[in-house]
Amino acid sequence: MSSLMENLHERAEELQAILDGITEPLVLIDSGFRVRRVNKATLEFSSEPDFPSTLGRKCYEVLYNRSAVCPYCPMKDHHENETDFDAQFEGKGEIGREIFHVANDQKETLYLDFFPIRKDGSIVSIVEKISNITRIKEKEEENLRIRNLASLGIFISGVAHELNNPLTGMSLTLQNLMNNLSSMDPAFFRKRLEMIKEDLTRAAMIVLDVISFAKPDKLVTTTADIHETIMKAKDSVTWVYPVLSKNTEWEILSEPGMTFQFNPVKMERLFINLFKNSLQAYDYGEGKIKVEVRRTRNMMHIFVEDTAGGIPEDMLDKIFSPFFSKNKSGIGTGLGLSICHSIVREHSGELTVRSYDRKTRFKISLPLVQPKGN
Ligand SMILES: Nc1ncnc2c1ncn2[C@@H]1O[C@H](COP(=O)(O)OP(=O)(O)OP(=O)(O)O)[C@@H](O)[C@H]1O
Ligand SMILES: [Mg+2]
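Keep in mind the model is a prediction, meaning the values are calculated, not measured. (Residues numbered from 1 in each chain as written. Chains lettered and ligands numbered in written order. Predicted model: local features only at pLDDT ≥ 70, side-chain atom pairs only at ≥ 80, totals over all residues.)

## Description of the overall build of the chain
- For the chain, the helix and strand inventory stands at nine helices and twelve strands.
- Taken over C-alpha atoms, the radius of gyration comes to 34 Å for the chain, far larger than the 21 Å a tight globule of 374 residues would show.
- Dimensions of the chain, computed from C-alpha atoms along their principal axes, come out at roughly 115 × 45 × 40 Å.
- Considering the chain as a whole, with its 374 residues, one finds that 25% of them fall into the buried category.
- Sequence-distant contacts, at least 24 apart, represent 59% of the contacts inside the chain between residues at least 6 apart. (Helix = DSSP H or I, 4+ residues; strand = E, 2+ residues; numbered from the N terminus. Rg over C-alpha atoms; globule rule 2.2 N^0.38 Å. Buried ≥ 20, exposed ≤ 12 C-beta atoms within 10 Å, placed from the backbone. Contact = placed C-beta atoms within 7 Å.)

## Remarks on the nonpolar core
- Among the nonpolar cores identified, the biggest contains 33 residues, and Leu270, Phe271, Leu274, Phe275 and Cys340 are the most heavily contacted of them.
- Elements with a minimum of two residues in this core: α7 (226-240), α8 (264-282), β9 (287-295), β10 (299-306), α9 (336-346) and β12 (359-367).
- If near-sequence neighbours (up to four positions away) are discounted, Cys340 is found in contact with Leu270, Asn273, Leu274 and Leu351.
- Counting residues in hydrophobic clusters, the runner-up holds 21 residues, among them Leu26, Val35, Val38 and Cys73. (Core = buried A, V, L, I, M, F, W, Y, C linked by C-beta atoms within 7 Å.)

## Focus on the site of ligand 1
- Lining the immediate environment of ligand 1, one finds 22 residues, of which Asn277, Ser325, Gly332, Gly336 and Leu337 sit closest.
- Of all the elements in the fold, those that place two or more residues in the shell around ligand 1 are α8 and α9.
- A breakdown of the residues in the shell around ligand 1 according to their chemical character gives seven nonpolar, 13 polar and two charged. (Near = placed C-beta within 6 Å. Nonpolar A, V, L, I, M, F, W, Y, C, P; charged D, E, K, R; others polar.)

## Quick notes on the domain arrangement of the chain
- Entries for the chain in the domain assignment read domain 1 (2-132) and domain 2 (218-374).
- Relative placement of domain 1 and domain 2: their C-alpha centres are 63 Å apart. (Domains from an automatic or database assignment.)

## Thoughts on the pairing of β9
- Both strand β7 (residues 248-253) and β9 contribute to a ladder of six bridges, which runs parallel. Its bridge partner lying in β9, Thr248 is registered against Gly287.
- Looking at chain direction, β9 and β10 are connected through seven bridges and run antiparallel. The residue bridging Glu292 from the neighbouring strand is Phe303, located in β10.
- Where β9 folds back onto β10 in an antiparallel hairpin, the turn is made up of three residues. (Pairing = 2+ DSSP bridges.)

## Let's talk about the sheet that holds β10
- Pairing is mixed across the open sheet formed by five strands, whose spatial order is β7-β9-β10-β12-β11. The outermost strands of the open sheet, each flanked by one partner alone, are β7 and β11 (350-356). The mean angle between the axes of side-by-side strands here comes to 15 degrees, regardless of whether they run parallel or antiparallel.
- With respect to the sheet, α7 is in contact with β7, β9 and β10, its orientation differing from that of β9 by roughly 165 degrees. (Axes fitted to C-alpha atoms, helices over the stretch in contact; angles between N-to-C directions.)

## Considering the environment of Glu255
- Its location among the elements puts Glu255 in the loop between β7 and β8 (259-262).
- C-alpha separation for the pair Glu255 and Ile226, spaced 29 residues apart in sequence, amounts to 8.8 Å.

## Details of α8
- Its 19 residues place the ends of α8 27 Å apart at the C-alpha level, agreeing with the 27 Å of an ideal helix rising 1.5 Å per residue.
- The buried fraction of α8 amounts to 17 of the 19 residues, a majority that puts the element mostly inside the structure. (Expected span 1.5 Å × (residues − 1).)

## Topic: the sheet that holds strand β5 (residues 122-132)
- Pairing in this open sheet of five strands is antiparallel, and the strands run β2-β1-β5-β4-β3 from one edge to the other. If you trace the sheet from one side to the other, it starts and ends with β2 (35-38) and β3 (95-103), each paired once. Taken pair by pair, the neighbouring strands of this sheet meet at an average axis angle of 25 degrees, ignoring direction.
- By the bridge criterion, nine bridges tie β3 to strand β4 (residues 106-119) in an arrangement that is antiparallel. The residue of β4 that forms the bridge with Glu98 is Tyr111.

## Thoughts on the packing of helix α5 (residues 134-179) against α7
- Running from amino to carboxyl end, α5 crosses α7 at an angle of 65 degrees, the nearest separation of the two axes being 9 Å. α7 is crossed by α5, and the crossing has left-handed handedness. Counting all contacts with α5, which are made through Asn165, Thr168, Gly169 and Leu172, the residues of α7 involved are Ser236, Trp239 and Val240.
- When its residues are assigned to classes, the contact of α5 with α7 shows three nonpolar, four polar and no charged. (Left-handed = near helix turned anticlockwise from the far one by under 90°.)

## A short note on the environment of Leu270
- Relative to the helices and strands, Leu270 resides in helix α8.
- Beyond its immediate sequence surroundings of up to four residues, Leu270 is in contact with Cys340, Ile343 and Val344.

## Some remarks on the packing of α7 against α8
- As a packed pair, α7 and α8 sit with axes 8 Å apart at the nearest point and diverge in direction by 50 degrees. Our classification of the angle between α7 and α8 gives oblique. The handedness of the crossing between α7 and α8 comes out as right-handed. Packed against α7, whose contacting residues are Thr229, Ile230, Lys232, Ala233, Lys234, Ser236 and Val237, the element α8 presents Pro264, Met267, Glu268, Phe271, Ile272, Phe275, Lys276 and Leu279 at the interface. (Parallel < 35°, antiparallel > 145°, perpendicular 65-115°, else oblique.)

Dropping the structure here:
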């Protein structure tokens, strides 16, 4: 008999040693919220001097210095005189909770796991495990901050990238005006002033984008003519890149009156970026940029194609990523296509690319009517 007792005693000591070896607080709690067993880490957590001072007392008092059941406790609807926690677990294997906890004036983030202990099929007690995840949380927040800063960096670079076109346009137009001031007839003068005004509108729209970045806005669309937008973009790139586009032939297979719902200023920026890429791929050489518009029942498909050499297969899935640039001049920032991609996505459309036989063909598919909520 005494050897049986000794054996049992040894087993109990062994179990306690195992529990004490675990560095996270573990507490066995009965259906009356009373502490039945704790490990050594719990004593440190609760600043209790020894095991007996914790046993039989309420868990909320020992662990969290409270006078009533903790408001975040998953068992808070359990009555102390009920004999099981079955209703709280409802078949769940365990319950987890993330909480803030203040200890010694330090704010900590804890993760509490509640494991059910069953007897005859009913949950008569629970083991609460307390993990201090403050450092992990801080690291996560730090990573989030870094990620946010990185996307802010991409966004700011994108704004600068897009402002560059209207600013260069305005500067060229102003220079042209100044050089020809004395000989210019009024109609020509007016035309130049209108070009400056349009560039100013483009720049203002980009600035508006910055404002709506802080306060996400819906895409503003109007019923506009895609042919007109394509022609405007073509005129804009040939004006801003006169030398690069000198030997370029344009084949525009669309006609006035192809109207549908989109944001013409943003769509123009998309074409400017695609055309600029084609011109850069031709690298001052001769070549053709072909644009084709096809309307289906619900969609408008626009194809932009050049034969400037194509894009290698293994590069195709990278070209839409921000800062991916491999153009011949080596001066690209790699933001053009990622901006195109987000403009198309904002319109609930799709931008895809195919490249074969030294050809590059971008396809922009846009819904004729913007879905509700856009
Ligand atoms: N029409 C094209 N023909 C060949 N390669 C292209 C074409 N369009 C894009 N690319 C490739 O995709 C890359 C990414 O294009 P993207 O417009 O995003 O950046 P970029 O032109 O290099 O720089 P940025 O547009 O910011 O000045 C280009 O560097 C180029 O290697
Ligand atoms: Mg580009």
